[in-house]
Amino acid sequence: MNKSLLLFFMAINAMFSQESITITGQLLDTENKESLAFANVSVFKEGEGTLVTGAITDENGRFNILGLPLGSYTLNFSFIGYTTEERKIEAGGLNTVFDLGEIALVPNAQSLEEVEVVGRQATTNAALDKKSFNLENNIAQSGGSVMDAMKTLPGVTFDQDGKVILRGSDKVVVLIDGKQSSLTGFGNQKGLANIPASNIEKIEIINNPSAKYDANGFAGIVNIVYKKEKQTGFNGDIGLSFGLGALGKRRADTPTELGSFSVNPKLIPSLSLNYRKDKVNYFLQSEFIVQEALPNNEFTTRNYNDGRNILSQVPENRKQFRSIINGGIDYELDDKNSFTFSGLYDRERHIDSAQVAFIDQDVNTRNRFYSWQEEEITRFINATVHYRHKFEQPGHTLSASAQYTQGLEDETYSLNDSSSVRIGTDKTNIRAIENTTSLSSDYVRPLKSGRLELGAKLRIRRLPVDYTITPGNQSIIYPDLGTFSDWGENLYAGYVNYVLEKKYYDVEAGLRAEQTNVFYDLDPANGYYPNNDKYDYFELFPNLRFTYKLNAQNKISAFYNRRIDRPGEPELRVFPKYDDPELLKVGNPYLRPQFTDAVELAHKYSWGSGSLYSALYHRMIQDQYMRIYSIDNSNPDYDIVNRIYQNTGKATNTGIELLLGQDITNDWKFSATFNWFSNSIDAYQGTLLFPYERSFSTEKSTADAWNAKLSTEWALPKNFSLQLTGIYYSDKNIPQGKELSRSSIDLGLKKGLWQNKAELTFSASDILNRFGIRQQISENGFTAVYQNYFETQIFRIGFKYKL
């Protein structure tokens, strides 16, 4: 009997001895409670001093040590500039999970004084779920706008309207610090060319967002992260950039007195301040733009089937002043509860002017002279309150946010026309005030091997538009447009997202549900669209990611998600834009959302000095919407081509993306990106209602295109850094035509001064002035060659001083 009991207990002991334990925790700074990322965790066998294993904390200061056998251990926690802490673990088998909670490290002032550590964050960091790009080392675009900085990012291009194109699509959502903002639009990107990059820390690209993000944007999400100091006390920086744009003209202007602006001066001062003490952190960032610019310079040659050949040039000569002020307070009520109160004020005023000559190329005479001036004021105000509660378990949080945004657009066009048919003036004014209110909450619960995320959101948008017309003699303004419209959208959303992390694989699965109610009311006087529009829809948006870890250097992921792109008021607006009276851009109030199912297979291979990221993606689009070219014969005196938004049926987007990063030496870094994509559009036939009912059609087509970017950076003697970037976009087919290739070479030079307390930069963008847009259009009744030689060539010098 005693022998049997002994054997029994030996078996039980053997069974327990085969178990393993998990140790988790989070490292914090004892003074400001900020998490310590990339700190060292070392596990030693108690009594022997033998190193068993170790870990590095993640961006949130958390660590997980998996698979330790039962036993006694000592854990050491160390980080540069901090004293070392230790904890002891006794694991006898009763408990297999040890959550050490928050472990506070004390700053070691002596070590900070004696050791100077100089490090540089990688310019490009490509993970399988997102790609992050640090702007501090993007020297070739220093002193410019966010759009300038994004120019060199892999997979990113821009269309003629300045919209971001990701992997061949402009259906991109742009966020500021993870949230939609008036700066960049709610689901409809805007303004990137006018946001200085001086206070931006990094830009993240998320091609396959999880359910916690809004479902907008089938091409993905661009997240712009502002700088925010974590040091205690007072710190910040002040900067000044001066530049000259459009130093050369790629094509001679048509014969007018004004022509197009060149050698355009640009002045951008910036300020970033941060003061952190005890439980309060104050932050303030401001940027100003004073400049002349040429955001568009459109040459259009129209060749009509009856033999006429007409050339026009629309130079958008701009004088602009913009101010952006962003500030707030972080307040910690206690160790578990904190508030952030933040606000943003953005005001921009510009005056655009153009003289447009219409040249009959057959006889080289000017048969029409059209001039206009646009004065536009935009203003945006954001106010946000964010609350965050930390539970006892590290990473276990509940947060809630309330955001109110008001946007103002006040645009006045003064139009002057002179031809054999008409001499007269017209004037239009559009005034739109958008009010957006958002309420959201998010819950994160860490689990033994992953986490659970839950959230809900309510967003209410209203955008009434008043349209005032002062018609002149034989006015070119369409009659019966009405004087107002009113657009609104209510969005109700909830999501759940689950992440499982294992030694050899990761799984992320989520589901987002959204109910959307939309209305668009028109003035009853509108004679083109007989009915107001109103519709509701409920949709589910699943996402799935599976990652298999082949080994420490190789990971492969498969993704699936479903997305939506909702047309905003600018795509629906019934009031045309008259910068070119013979090529009118107008919206469509009956436009519907497009839906996308996306799949992707991605792989990352890492080695000591570099990495290679590759992805194969395919997207299936329902009810795609885009601009359609169509001849308008309603005016017998003038030739008019409309560009109208329209749903055009099914489409696909397929591509391959490669991203290589390599440190050739300690002082020489190299990166290369390549993106090939194929956009296929099914044949479609539909009906346009404006300005009269007529049919249109698009033929089945496939657009194959690719782009490549090469960038190299050298750390030179005497604290100099040099960066050289080359960009090439191939020819590509577009609806009803083809867009031709373009390229750019950019150069940047940086000099650190006064023990890196200051820096001096010089940058040259599109040195050879070859980045303009050229398109060839073919449609019933005419062909056209469109060339937009807007301002891409800019030389800048900048100075920044750390306070």
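This text goes with the structure placed above it.
Read on for a plain summary of the structure. The structure displayed is predicted, hence computed values, not measured ones. (Residues numbered from 1 in each chain as written. Predicted model: local features only at pLDDT ≥ 70, side-chain atom pairs only at ≥ 80, totals over all residues. Heavy atoms only, no water.)

Some remarks on the overall build of the protein chain
- Within the protein chain one finds 4 helices and 45 strands.
- Residues classed as buried in the protein chain amount to 52% of the 803 residues present.
- For the protein chain, contacts bridging at least 24 residues in sequence account for 68% of all contacts bridging at least 6.
- As presented, the protein chain carries roughly 34,900 Å² of accessible surface, and 55% of it is formed by carbon and sulfur atoms. (Helix = DSSP H or I, 4+ residues; strand = E, 2+ residues; numbered from the N terminus. Buried < 20%, exposed > 50% of the residue type's maximum accessible area, 1.4 Å probe, protein only. Contact = heavy atoms within 4.5 Å. Areas by Shrake-Rupley, 256 points an atom, 1.4 Å probe, with all protein chains shown as cover.)

Thoughts on the sheet that holds strand β32 (residues 640-647)
- Sheet architecture is open: 3 strands sit in the order β28-β32-β31, paired in mixed fashion. Of all the strands in the sheet, just β28 (583-586) and β31 (625-632) have a single pairing partner and so form its edges. Taken over all neighbouring pairs, the strand axes of this sheet differ in orientation by 25° on average, direction set aside.
- In terms of strand pairing, β28 meets β32 through 4 bridges, oriented parallel. Of the residues in β32, the one forming a bridge with K585 is R643. (Pairing = 2+ DSSP bridges. Axes fitted to C-alpha atoms, helices over the stretch in contact; angles between N-to-C directions.)

Examining the sheet that holds strand β3 (residues 51-56)
- As summarised here, the arrangement of the 4 strands in space is β3-β2-β5-β6, forming an open sheet in which the pairing is antiparallel. Only two strands of the sheet have a single partner each, and these edge strands are β3 and β6 (85-91). Each strand of the sheet is rotated relative to its neighbour by a mean of 20°, with strand direction disregarded.
- As paired elements, strand β2 (residues 40-45) and strand β5 (residues 71-78) share 6 bridges and run antiparallel to each other. Looking across to β5, one finds that V43 is bridged to L75.

Section: unusual backbone geometry
- The omega torsion across F690 and P691 is -10°, close enough to zero to call that bond cis.
- The topology assignment puts P691 in the loop between β35 (684-688) and β36 (694-698).
- Even without glycine at this site, N719 takes up a positive phi of about 65°.
- Looking at the element boundaries, N719 is found in the loop between β37 (701-716) and β38 (720-729).

With respect to the pattern of salt bridges
- Across all of its chains, the model carries 32 salt bridges by this definition.
- Salt-bridge contacts for E46 lead to K88; the nearest nitrogen and oxygen are separated by 3.4 Å. You can see E46 sitting in the loop between β2 and β3 and its partner K88 sitting in strand β6, a full 42 residues away along the chain.
- According to the relative accessible area criterion, E46 is partly exposed, its value standing at 31%.
- Judged by its relative accessible area of 53%, K88 falls in the exposed class.
- A salt bridge links R87 to E85; the nearest nitrogen and oxygen atoms lie 3.4 Å apart.
- The exposure class assigned to R87 is partly exposed, which follows from its relative accessible area of 29%.
- Since its relative accessible area comes to 24%, E85 is described here as partly exposed. (Salt bridge = Lys/Arg side-chain N within 4 Å of Asp/Glu carboxyl O.)

Some thoughts on the packing of aromatic side chains
- Under the definition given, this model contains 27 aromatic pairs.
- Judged by centre distance (5.0 Å) and plane angle (45°), the ring pair of F339 and Y387 falls under tilted. Within this pair, whereas F339 is found in strand β19 (residues 337-360), its partner Y387 is found in strand β20 (residues 365-390), the two being separated by 48 residues in sequence.
- Grouping aromatic residues by their ring pairs yields a cluster made of F339, F341 and Y387.
- Seen from the ring of Y304, R308 lies directly overhead, with NZ or CZ sitting 4.4 Å from the centre.
- Taking the ring centre of F358 as reference, the NZ or CZ of R368 above it sits at 5.5 Å. (Phe/Tyr/Trp six-rings, centres within 6.5 Å; stacked < 30°, edge-to-face > 60°. Lys NZ or Arg CZ within 6 Å of the ring centre and 35° of its normal.)

Focus on the nonpolar core
- Y370, W372, L415, Y478, L481, Y578 and F690 are the most contacted members of the largest nonpolar core, which has 57 residues in total.
- When residues of this core are assigned to their parent elements, the largest contribution, 5 residues, is made by β31.
- When residues no more than four places from it in sequence are discounted, the contact partners of Y578 are Y370, L415, Y467, I476, I477, Y478 and L584.
- The next biggest cluster of nonpolar side chains, apart from the first, holds 21 residues, and it includes V43, F63, I65 and L70. (Core = buried A, V, L, I, M, F, W, Y, C linked by side-chain atoms within 4.5 Å.)

Describing the layout of surface pockets
- By volume, the second largest pocket amounts to about 320 Å³.
- T698, E699, Q736, G737 and S778 are, among the 13 residues lining the second largest pocket, the residues nearest its centre.
- Listing elements by their share of the lining of the second largest pocket, those giving two or more residues are β36, β39 (732-734) and β43 (773-779). (1 Å grid on protein atoms, 1.4 Å probe; cavity = no way out; pocket = protein on both sides within 12 Å on 5 of 7 lines; lining within 4 Å. Points joined across faces, edges and corners; volume = space filled by probe spheres on them.)

A short note on the environment of E539
- Mapped onto the secondary structure, E539 falls in strand β26 (residues 533-549).
- Residues E539 and E514, 25 residues apart in the sequence, show an inter-C-alpha distance of 5.5 Å.
- For E539, the residues in contact, after removing those within four places along its chain, are R512, A513, E514, R562 and F595.
- Of the polar contacts made by the side chain of E539, one reaches the side chain of R562; its length is 3.0 Å. (Polar contact = N/O pair within 3.5 Å; in protein donor to acceptor, adjacent residues only side chain to side chain.)

Looking at the pairing of strand β45 (residues 794-802)
- Bridge count for strand β15 (residues 233-245) against β45 is 9 bridges, and the pairing is antiparallel. Across the sheet, residue L244 finds its bridge partner in β45, namely F795.

Some points on the environment of F77
- In this structure, F77 sits in strand β5.
- Relative accessible area serves as the criterion here: at 0%, F77 is assigned to the buried category.
- Look past the residues within four positions of F77 in its chain and what remains in contact with it is L27, N40, V41, F63, T83, T84, E85, E86, R87, L100, I103 and L105.

A look at the side chain of H350
- Here H350 is to be found in strand β19.
- Taking the relative accessible area as the measure of exposure, H350 reaches 4% and is therefore buried.
- Among the polar contacts listed, one links the side chain of H350 to the side chain of R318, at a separation of 3.4 Å.
- Not counting residues within four places of it along the chain, the set of residues in contact with H350 comprises R318, K319, Q320, E374, E375 and E376.

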